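# Summary of structural features
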Amino acid sequence: MKDDIEDIKNTWKAGKKTVPGTDNNADQLIALAKKNKRNTINLHIGTIVILTITLIGISWYFINVTPFKQTLSHIGVALMTGGLAIRIAIEIYSLIRSKQLDLTESALKSSDATIRFYKFRKLTHGPAMIVILVLYTIGFYMLTPEFSLYMSFNMLLFVDLSYLLGAVPVGLSIRNGIRKEMHNLNEILRLRQELME
């Protein structure tokens, strides 16, 4: 993505030096933007598929393997599956928004729409994702009292600690995703500023 943004900037700079009225540079910019759009759409689809498989797997597990009986456990399951469902809905909405970006509009209008989209994604990967992860984690640990009825203390401790260890790479991945999107937003803002000069 970083290389594609650099390509767009370099093409645009080169286009400033060419004879006005040639559409070649505009065509190159639009082609690069469409490539970025396809990549973004594919990322959304991949995320939706992974989250949906996870939601189906967890739901199947809670229905068939460990049908919980305690109210606290039911609330925990609702927090876990509800958080995943909300995240899937956000990704579907993001997919729809990214498909609506019209890359053939004027450069400034298109960059404004792209900036609004990336600000939305920043919100999605920032506060929304943190809330979903916190609720998911609370839901997971709400299952512990009922799990303690069926597991030894050592096994329960292993499960609870494994969740924390598994959360570290997920947290790092989310942090990297936020950094990448913020970098892309800053690059688009810089490109927009250059277009306005």
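Moving on to the nonpolar core. F62, F68, M80, L84, Y136 and L143 are the most contacted members of the largest nonpolar core, which totals 18 residues. When contributions to this core are tallied by element, the ones reaching two or more residues are α2 (24–65), α3 (71–100), α4 (107–142) and α6 (153–196). Broken down by element, the residue count for this core peaks at six residues, all from α2. The residues contacting F62, other than those within four sequence positions of it, are P67, F68, V77, M80, T81 and L143.

What follows is about the packing of aromatic side chains. Scanning all chains against the criterion turns up eight aromatic pairs. Ring plane angle 70 degrees and centroid distance 5.4 Å describe the contact between F68 and F147, whose orientation is recorded as edge-to-face. Linking F68 in the loop between α2 and α3 with F147 in helix α5 (residues 144–150), this pair joins segments that are 79 residues apart in sequence. Residue placement shows R97 over the ring face of F120; its charged tip is 4.9 Å from the ring centre.

Taken over all residues, the pLDDT of the protein has a mean of 77, while the share at 70 or more is 68%. Summarising per-element confidence for the protein, the mean pLDDT is lowest in helix α1 (residues 2–17) (52) and highest in α3 (91). The low-confidence segment residues 18–22, where pLDDT is below 50, has one contact with residues more than four positions distant or belonging to other chains.

Topologically, R87 is positioned in helix α3. Look past the residues within four positions of R87 in its chain and what remains in contact with it is L51, T124, H125, M129 and I132.

This part covers the environment of T54. The topology assignment puts T54 in helix α2. Its relative accessible area of 32% is what places T54 among the partly exposed residues. Here the alpha-carbon distance between T54 and L84, two residues 30 residues apart in the chain, equals 8.1 Å. Polar side-chain contacts of T54 include one of 2.8 Å to the backbone oxygen of I50.

A few words now on the pattern of salt bridges. Per the stated rule, a full pass over the model turns up two salt bridges. Between R87 and E91 there is a salt bridge; the shortest N-O distance is 3.2 Å. Of this pair, R87 and E91 are both found in helix α3, four residues apart, which corresponds to roughly one turn of the helix. Judged on exposure class, the residue R87 and its partner E91 are both buried. Among the ionic pairs, E91 bridges to R121, the shortest N-O distance being 3.1 Å. Separated by 30 residues along the polypeptide, E91 in helix α3 and R121 in helix α4 bring together distant segments of the chain.

With that out of the way, let us pick up a nonpolar patch on the surface. Where nonpolar side chains cluster on the molecular surface, the patch consists of I130, V131, V134, L135 and I138 and spans about 410 Å² of accessible area. By the element assignment, I130 lies in helix α4. The exposed category is assigned to I130, whose relative accessible area is 52%.

Moving on, we come to the side chain of D160. With respect to the secondary-structure elements, D160 resides in helix α6. Although D160 lies buried, it forms no salt bridge, and the closest oppositely charged side chain, K69, sits 19 Å away as judged by the N-O distance. A distance of 3.3 Å separates polar atoms of two side chains, one belonging to D160 and the other to T144. In contact with D160, not counting residues within four places along its chain, are F140, Y141 and T144.

Here is what the cut-offs are and how they apply
- Residues numbered from 1 in each chain as written.
- Predicted model: local features only at pLDDT ≥ 70, side-chain atom pairs only at ≥ 80, totals over all residues.
- Heavy atoms only, no water.
- Core = buried A, V, L, I, M, F, W, Y, C linked by side-chain atoms within 4.5 Å.
- Buried < 20%, exposed > 50% of the residue type's maximum accessible area, 1.4 Å probe, protein only.
- Helix = DSSP H or I, 4+ residues; strand = E, 2+ residues; numbered from the N terminus.
- Contact = heavy atoms within 4.5 Å.
- Phe/Tyr/Trp six-rings, centres within 6.5 Å; stacked < 30°, edge-to-face > 60°.
- Lys NZ or Arg CZ within 6 Å of the ring centre and 35° of its normal.
- pLDDT = per-residue confidence, 0-100.
- Polar contact = N/O pair within 3.5 Å; in protein donor to acceptor, adjacent residues only side chain to side chain.
- Salt bridge = Lys/Arg side-chain N within 4 Å of Asp/Glu carboxyl O.
- Patch = residues over 30% accessible without salt bridge, like charges linked within 9 Å, V, L, I, M, F, W, Y side chains within 5 Å.
- Areas by Shrake-Rupley, 256 points an atom, 1.4 Å probe, with all protein chains shown as cover.
- Lys, Arg positive; Asp, Glu negative; His and termini not counted.

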